[in-house]
Structures are given as C-alpha cells and as structure tokens.
Amino acid sequence: MAASSSLPHHVPTALTLLFILVSATTTNGSIGVNYGTVADDLPPPGEVARFLLQSTVINRVRIFDPNPELIQAFAHTGIQLTVTVPNDQIPRLANLSFAQQWIKSYIQPYFPATNLVRILVGNEVLSTGNRLLIGTLVPAMQTLHAALAGASLDRRIQISTPHSLGILSASTPPSAGKFHGGYDVHILKPLLGFLRSTNSPFMINPYPFFGCSEETLDYALFRPNLGFLDPNTRIRYTNMLDAQLDAVFSAMKSLGFGDLEIVIAETGWPSKGEPSQIGAGQENAAQYNRNLMRHVNSGDGTPLMPNRTFETYIFSLFNEDLKPGPTCERNFGLFGPDLTPAYDVGILRPTVSTAVAAQPDGGGERKGAGKWCVAKEGADVDSLQRNIDYVCGALVGLGPGCGPIQEGGECFFPDTVRAHAAYAMNAFYQAMGRNDYDCDFRRTGAITAVDPSLLLLKLRFDSFCVYAFIFTCDDDGGRWCNFAGYGNCKYGH
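The structure contained in this document is the topic of the report that follows. All of these numbers come straight from a predicted model, not from anything done at the bench.

## Here's the deal with empty space enclosed by the protein
To find leftover empty space, a probe the size of one water molecule is rolled over the atoms.
Right, on to step 1. Summed over the entire model, instances satisfying the criterion amount to 4 cavities of 30 Å³ or more.
Right, on to step 2. Of the pockets and cavities examined, the largest cavity occupies roughly 170 Å³.
Right, on to step 3. Along the wall of the largest cavity there are 15 residues; nearest its centre are Gln80, Asn387, Tyr390, Phe441 and Arg442.
Right, on to step 4. The leading source of residues in the lining of the largest cavity is helix α13 (residues 381–394), at 3 residues.
Right, on to step 5. Counted by class, the lining of the largest cavity contains 5 nonpolar, 5 polar and 5 charged residues.

Next up, the structure:
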C-alpha cells in the first residue's frame, strides 16, 4: 500500500525518546476457532466468513483440509487462516515436486487475498502410531517449507503440526514432563529444530475435559479449588490447563527448546455428552471457554512460562452432527447451524453500527477509555503491511474504513507503511471496543495510555518540519489519523 521511508539521519535524540515513550509494550494473545465441517447442516462458507468478521472478535480460523471453497470464502476478510494437510497426504509431501504442486494448487491461487498464515502438516500424527506417517512427518514439513521458499512465501506462511498430550510419557508433576522415549530424540528433537529455524510455534491440543474427574472438575474449569502442588518446584497449580502446558514446556526444555512459542491448536468443552462423562454440559462449556479466553489473554502465563499470552484456537465453531464416536464429539460447537450462539462466552461483538458508536466520541466512561493502539518500535515493515491488509479487510463497511489512508485521503501523507499501519491499527482497536487483544497484531502492537495527540513534536530544519505520531480528528472526535513519519508542515495540525 505504501513505500517505506526513514527519518533523516539528523533528527535529534528527542524524537527517539518520543518513540520510546509511546512504545510501552503489552503483549496480548489472540482467540481463534477450529472450523470443522463434518456435518450436513452447516451454513455456506461465505456466510460463515462474513459472520465471523462482522459479528465476532475471532480473527483467526483453522480449517482441517485445503478446501478451496473454504479458503476462498475468507478472501478480503483479513482473518488469519490456517490450513491443515490431511494425514494421508503426509508421505507424498516428502516429495518436492508434489509439495510444489500442493503449494501451487492450494496456496498461491488464494494468497494474499486470503490471509493464509500457517500450514499444519497433519493432526496428532504421533498419536496415530502409524510408522509411515510418523517417519515422514518432519521430512514432509521440511520439503513443504522448501516449496514455500521457492514461491517466496516462506517468510509469510509458517509450517507446524499439532500434537495431542499423548506425546508425553510423564505429565505429573508438570516440572517432570517428558516426551515418549524414541519419539523424543528421533522425531521431536528434529521437529523442534525445524520449528526454531523457521520461527514457527510448537502446537498442542490440551483438553482438560478429557483429563478431569469429579474431584478435579473445578480444577479443570478454572474455578476456585485447592490446586495441585508440584513437589519439585513447590508451585501450586490452580488450573489444569496451566499444568498441561507446563508439562509440555518441561519436555521441550529437556531437549533444549524451552525458547519456542507454544500455540494451543485445539481446546474446548462439550455442551452435551454421555451420562457417564463428568462435566459435559452447556453451563460448564460456557464457563470453560469464557475462563479460557480470559486466562490466555491475561498476560499471566503459566508458573513455568510467566508473563505470556497464548494464541489459542477453541474447538469448535459448530457442532458436527456426522462425527463418529461418543455424543460429546458432536457437541463442542460454539454456534448452531443458524449462527446463533450455543451459549455466551463473550466472543460476539457489537453490530457494525454499534461498533462505530463505540469509537471515542466523549460519550462517557467505557472500557479502555484513554487508551490507544500504536505500533511497537522496531516492528518490521512486512508485519506492519500485513496489519494494514488485515484491518482494511476487517473495517469494510465500518465507518470510514481505510479510506483516510487511501490516496487522496486526509491521512494518506506521510505515504509510508509505518504511518498507514499506525492509522489502521488504532482505528481497528477503537472500533472493536478497545479490547487489549485487538491491539496484539502478532505482537507488533502496543497499548499506550499517553494521549498521542499531546505528543506532537515539531522540529524545523530550514523549511522542513518533522512530525512524530501526529493525530488529527474528524468533526465528531471519533476517528484518529495517527502516524509516525515525517513530511513537510502542511501535513500537521
């Protein structure tokens, strides 16, 4: 959208100090959803994509196969899409020509209109016990990455694979978490090395529902409980999810990979189950998912991974009436086929008209009042451009959208990626109701309580003026043009 630019080398230190001032960092997680389609009563994919964009705070979706109709449905929405390669395709993907053709068929025709951010090679492969799939998993990931690199997409799209907790031979206490022998050195260590080299996350599917008993139900649901004391660390765990994540972390750390990001690829709670299944039910499902969202976005992290948030994908978007197995397998959905919520977990957002009204217009004290979203200092240009692409899709039909940073718009100048990203990120944050997670932007955004309109810095060099984080408002005070960059004086107010 814009060409990058840099400040003149003679701008003094005061400008640097200003950037530091507005770059207070707050790292936030993000909530996604697994979009399964093993059902005969689901709405059309296009309708689903529009619903998620316009009516929910969900900005990340995972699908379980490279279905072109599903991929196309998310075009121009900005929603981050993760595509899963079915397990039976893994051996073939170890062949470079097949991997290249796969990329040409399922990725290149839709990118970048569809915001494809990650490809998952299989699902819970190690738990299948299939030697062919297990033996070709890492080679398939490496070859698929080579195919992405050949298409110049390796820096835009990550490759990973999700695992069940069955990869652990020990998970209690969390500090003693270990991977199964044989898999640890021969499969998981090379896999973790690949993830580190490609800056991709380790993905895990923790389900406290399947690990709880009547005695530990409160522990699984994040409700008040006595907790569990790890005798090695003397840390008391107050919820099962933290214990499961820390067990995985301990296993990774034992192999030398404690620095890798962990993403929760699946977790959820069924609203219905067999009479013998402890905890299945609508009220518990609502409580688990509501508490889950609060916890992973809180920034508290876990006892062994403090001060973190976790990108998390709830399972699942819909009940899937054709799935085999016990009743619970068909009842993990957040929404019915008519897109009405199965229960309220706080992921519905205001309608377009309400969201516009939620912008800062002096209408009284609201959540997040007096906060703004800015780009972190040092955020790279490619990441900021992706933020622009996402926001300009998400704000379609919402107020002025990205019109002000289009050519001819009042915030077009300075014509730089950083300037346009600053407008877009804050416009999205304000329009969505100032939720902390709406300023995450894959950890390139930061929330500041310092009113950027007060941070006007004007430095004259002959006839040249430099502005940093200049904000201008429209008539009702509800839209902000915020940018970092420089230009001549006519761009400032």
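Structure's up, so let's keep going.
## Remarks on the side chain of asparagine 59
Right, on to step 1. Relative to the helices and strands, asparagine 59 resides in the loop between α2 (45–55) and β2 (60–63).
Right, on to step 2. The class for asparagine 59 is buried, based on a relative accessible area of 11%.
Right, on to step 3. Discounting chain neighbours no more than four positions away, the residues touching asparagine 59 are Ser30, Ile31, Ile79, Gln80 and Tyr390.

## Points about the packing of helix α5 (residues 96–106) against helix α6 (residues 131–150)
Right, on to step 1. Direction vectors running N to C along α5 and α6 enclose 55 degrees, while the axes themselves pass 8 Å from each other. Accordingly, the angle class assigned to the pair α5 and α6 is oblique. Relative to α6, the crossing made by α5 is right-handed. Where α5 abuts α6, its residues Leu96, Ala99, Gln100, Trp102 and Ile103 lie against Thr143, Leu144, Ala146, Ala147 and Leu148.
Right, on to step 2. Tallied by class, the residues present in the contact of α5 with α6 amount to 8 nonpolar, 2 polar and no charged.

## Comments concerning the side chain of threonine 416
Right, on to step 1. You can see threonine 416 is positioned in the loop between α13 and α14 (417–431).
Right, on to step 2. The exposure class of threonine 416 is buried, given its relative accessible area of 9%.
Right, on to step 3. A polar contact is formed between the side chain of threonine 416 and the backbone nitrogen of alanine 419, at a distance of 3.0 Å.

## Considerations on the environment of alanine 147
Right, on to step 1. When you line up the elements, alanine 147 lands in helix α6.
Right, on to step 2. The sequence separation of alanine 147 and phenylalanine 98 amounts to 49 residues, and the corresponding C-alpha distance is 9.2 Å.
Right, on to step 3. With sequence-adjacent residues up to four places away left out, alanine 147 is seen in contact with Leu96, Ala99, Gln100 and Ile103.

## Considering the packing of aromatic side chains
Right, on to step 1. Under the criterion given, the structure shown has 17 aromatic pairs.
Right, on to step 2. Measuring from centroid to centroid gives 5.7 Å for tyrosine 207 and phenylalanine 210, while their planes differ by 65 degrees, and the two rings are edge-to-face.
Right, on to step 3. Ring geometry for phenylalanine 209 against tryptophan 269: centres 5.1 Å apart, planes inclined by 70 degrees, an arrangement best described as edge-to-face. Here the residue phenylalanine 209 occupies a position in helix α8 (residues 208–211), and tryptophan 269 occupies one in the loop between β12 (262–267) and α11 (282–296), the gap between them amounting to 60 residues.
Right, on to step 4. Residue class for phenylalanine 209 comes out buried when judged on its relative accessible area of 5%.
Right, on to step 5. The buried category is assigned to tryptophan 269, whose relative accessible area is 0%.
Right, on to step 6. Taken together through their ring pairs, the aromatic side chains of Phe64, Tyr207, Phe209, Phe210, Phe222, Trp269, Tyr288, Phe315 and Phe332 make up a single cluster.

## Observations regarding the state of the cysteines
Right, on to step 1. Scanning the model with the defined rule gives 2 disulfides in all.
Right, on to step 2. For cysteine 373, the disulfide goes to cysteine 439, at an S-S distance of 2.1 Å. Of note, the bridge from cysteine 373 to cysteine 439 carries an S-S torsion of about 85 degrees and is right-handed in sense. One end of the pair, cysteine 373, is in strand β14 (residues 372–375); the other, cysteine 439, is in the loop between α14 and β15 (445–448), and 66 residues separate them in sequence.
Right, on to step 3. Each sulfur of the disulfide joining cysteine 392 and cysteine 402 lies 2.1 Å from the other. One disulfide, between cysteine 392 and cysteine 402, carries an S-S torsion of -95 degrees and so falls in the left-handed class. Residue cysteine 392 is found in helix α13, and its partner cysteine 402 is found in the loop between α13 and α14; the two are separated by 10 residues along the sequence. Each member of the pair, cysteine 392 as well as cysteine 402, is classed as buried.

## A look at the nonpolar core
Right, on to step 1. In this structure, Val61, Trp102, Ile119, Phe179 and Phe202 are the most contacted members of the largest nonpolar core, which totals 101 residues.
Right, on to step 2. Ignoring anything within four residues of it in the chain, the contact list for isoleucine 119 reads Val83, Val85, Trp102, Ile103, Ile107, Leu144, Leu148, Ile157, Gln158, Ile159 and Ser160.
Right, on to step 3. Counting residues in hydrophobic clusters, the runner-up holds 24 residues, among them Cys411, Ala421, Met425 and Ala427.

Thresholds applied
Residues numbered from 1 in each chain as written. Predicted model: local features only at pLDDT ≥ 70, side-chain atom pairs only at ≥ 80, totals over all residues. Heavy atoms only, no water. 1 Å grid on protein atoms, 1.4 Å probe; cavity = no way out; pocket = protein on both sides within 12 Å on 5 of 7 lines; lining within 4 Å. Points joined across faces, edges and corners; volume = space filled by probe spheres on them. Helix = DSSP H or I, 4+ residues; strand = E, 2+ residues; numbered from the N terminus. Nonpolar A, V, L, I, M, F, W, Y, C, P; charged D, E, K, R; others polar. Buried < 20%, exposed > 50% of the residue type's maximum accessible area, 1.4 Å probe, protein only. Contact = heavy atoms within 4.5 Å. Axes fitted to C-alpha atoms, helices over the stretch in contact; angles between N-to-C directions. Parallel < 35°, antiparallel > 145°, perpendicular 65-115°, else oblique. Left-handed = near helix turned anticlockwise from the far one by under 90°. Polar contact = N/O pair within 3.5 Å; in protein donor to acceptor, adjacent residues only side chain to side chain. Phe/Tyr/Trp six-rings, centres within 6.5 Å; stacked < 30°, edge-to-face > 60°. Disulfide = S-S within 2.5 Å. Core = buried A, V, L, I, M, F, W, Y, C linked by side-chain atoms within 4.5 Å.

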